[in-house]
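# Per-entry structural report
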Amino acid sequence: MKKLVYILLCGAMVLACDDVVGVKDISNQFVVVMAPTEDAQLTTNNVTFNWQTVEEATQYRIQIATPDFESASQILTDSLAVGTNFNKVLDSGEYQWRIRAENSEYHTAYSTQSFSVFTEPNDISNKQVVLLAPADGVTFTDVNTINFSWEAVLDADQYVIQIATPNFQNALEVITDQTLNNTQFSASNLEANAYEWRVKAINTSSETLYSKYSFTVEE
């Protein structure tokens, strides 16, 4: 009986050894990067990463950092892929990515590439800012604070709001001229008078025309 148990244990050990021996050492291989390659300058923020297959690899570890791994401000991706491509949407900026092949026992060294992404903002010059409040021609009485709001414009980065009295064509005073990151603004203690307010949307390459409404403040 002891002899049988010994034989079975030896057989199990042989099978286990065969499993390890059956895993190919890929540590001396390397991943050939297809794209993006070193110093590539991309004009799209939807980036596809491609590399060649490594024989006996079962998966690939991809990492993306900005601006690079040595002085990374952020590791954007640390993922496993079973194929030879990976997609990631990236903002404009400097990046570094690296890829290595893995199997159950071994892995290659990382193949590392640097690249940059620069995308022109979309043209918003044909779009219009929709003003919400105060409505055109409204009159305020005994109000200390007036709240202004408008709809967001797709692809706009900021908004410029101006308030003039009595209007912009014959302005006696421009009492507000501010650039905002949001779609709301408040003005307090406006004197009794006629006013006109207007808003335009802007990004780094274009801007809309002003949209304007009028209102009146009475005592």
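Okay, so let's go over this structure. (Residues numbered from 1 in each chain as written. Predicted model: local features only at pLDDT ≥ 70, side-chain atom pairs only at ≥ 80, totals over all residues. Heavy atoms only, no water.)

Along its length, the protein chain carries one helix and 16 strands. The C-alpha radius of gyration of the protein chain comes to 32 Å, more than 25% above the 17 Å expected for a compact globule of 219 residues. Per-residue burial over the protein chain gives 35% buried out of 219 residues. Counting contacts in the protein chain only where the partners sit at least 6 residues apart, residues at least 24 apart contribute 62% of the total. Total accessible area on the protein chain is roughly 13,400 Å²; 48% of this is exposed by carbon and sulfur atoms. Charged side chains of the protein chain number 11 positive and 28 negative; the gap between the two group centres comes to 15 Å. (Helix = DSSP H or I, 4+ residues; strand = E, 2+ residues; numbered from the N terminus. Rg over C-alpha atoms; globule rule 2.2 N^0.38 Å. Buried < 20%, exposed > 50% of the residue type's maximum accessible area, 1.4 Å probe, protein only. Contact = heavy atoms within 4.5 Å. Areas by Shrake-Rupley, 256 points an atom, 1.4 Å probe, with all protein chains shown as cover. Lys, Arg positive; Asp, Glu negative; His and termini not counted. Charge placed at Lys NZ, Arg CZ, Asp CG, Glu CD.)

One pass over the full model with this rule turns up five salt bridges. Taking the shortest distance from any N to any O, the salt bridge between aspartate 78 and arginine 61 comes out at 3.0 Å. Of the two residues, aspartate 78 is situated in strand 5 (residues 74–81) and arginine 61 in strand 4 (residues 59–66); the sequence distance between them amounts to 17 residues. The partly exposed category is assigned to aspartate 78, whose relative accessible area is 44%. As a salt-bridge pair, glutamate 102 and arginine 100 come within 2.8 Å of each other at their nearest N and O atoms. Taking relative accessible area as the criterion, glutamate 102 reaches 7% and is therefore assigned buried. With relative accessibility at 17%, the residue arginine 100 sits in the buried group. (Salt bridge = Lys/Arg side-chain N within 4 Å of Asp/Glu carboxyl O.)

It is worth spelling out the sheet that holds strand 8 (residues 111–117) at this point. Across the sheet, five strands lie side by side as 2-8-7-4-5; this open sheet has mixed pairing. The open sheet has two edge strands, strand 2 (40–42) and strand 5, and neither has a second partner. Adjacent strand axes in the sheet meet at a mean angle of 25 degrees, parallel and antiparallel pairs treated alike. Across seven bridges, strand 4 lies against strand 5 in antiparallel orientation. Counterpart to isoleucine 62 in the pairing with strand 5 is serine 79. (Pairing = 2+ DSSP bridges. Axes fitted to C-alpha atoms, helices over the stretch in contact; angles between N-to-C directions.)

This part takes up the packing of aromatic side chains. Within this structure, the stated rule accounts for 13 aromatic pairs. Where phenylalanine 49 meets phenylalanine 115, the ring centres are 5.7 Å apart and the plane angle is 70 degrees; that geometry is what we call edge-to-face. Note that phenylalanine 49 is positioned in strand 3 (residues 46–51) and phenylalanine 115 in strand 8, a separation of 66 residues in sequence. With relative accessibility at 2%, the residue phenylalanine 115 sits in the buried group. (Phe/Tyr/Trp six-rings, centres within 6.5 Å; stacked < 30°, edge-to-face > 60°.)

Here the focus is the environment of arginine 98. Within the secondary structure, arginine 98 is located in strand 7 (residues 93–102). Residue class for arginine 98 comes out partly exposed when judged on its relative accessible area of 23%. Remark: the alpha-carbon pair of arginine 98 and isoleucine 62, spanning 36 residues in sequence, is separated by 5.8 Å. Arginine 98 has contacts with Arg61, Ile62, Gln63, Phe69, Tyr110, Ser111 and Thr112, leaving out every residue within four places of it along the chain. Side-chain polar atoms of arginine 98 contact the side chain of glutamine 63, separated by 2.6 Å. (Polar contact = N/O pair within 3.5 Å; in protein donor to acceptor, adjacent residues only side chain to side chain.)

We now examine the pairing of strand 16 (residues 211–218). The sheet contact formed by strand 10 (residues 138–141) and strand 16 spans four bridges and is parallel. In the sheet register, threonine 141 faces strand 16, and the bridge partner there is glutamate 218. Inspection of the sheet shows strand 15 (residues 193–202) paired to strand 16 by seven bridges, in the antiparallel sense. From the neighbouring strand, alanine 194 faces strand 16, where its bridge partner is threonine 216.

So, about unusual backbone geometry. Put simply, threonine 66 and proline 67 share a cis peptide bond, and its omega is -5 degrees. Here proline 67 shows up in the loop between strand 4 and strand 5. A cis amide bond links alanine 133 with the next residue in sequence, proline 134, at an omega value of 0 degrees. Within the fold, proline 134 resides in the loop between strand 9 (131–133) and strand 10. Backbone geometry at aspartate 39 places phi at a positive 65 degrees, although glycine is not the residue there. Tracing the sequence through the fold places aspartate 39 in the loop between strand 1 (33–35) and strand 2.

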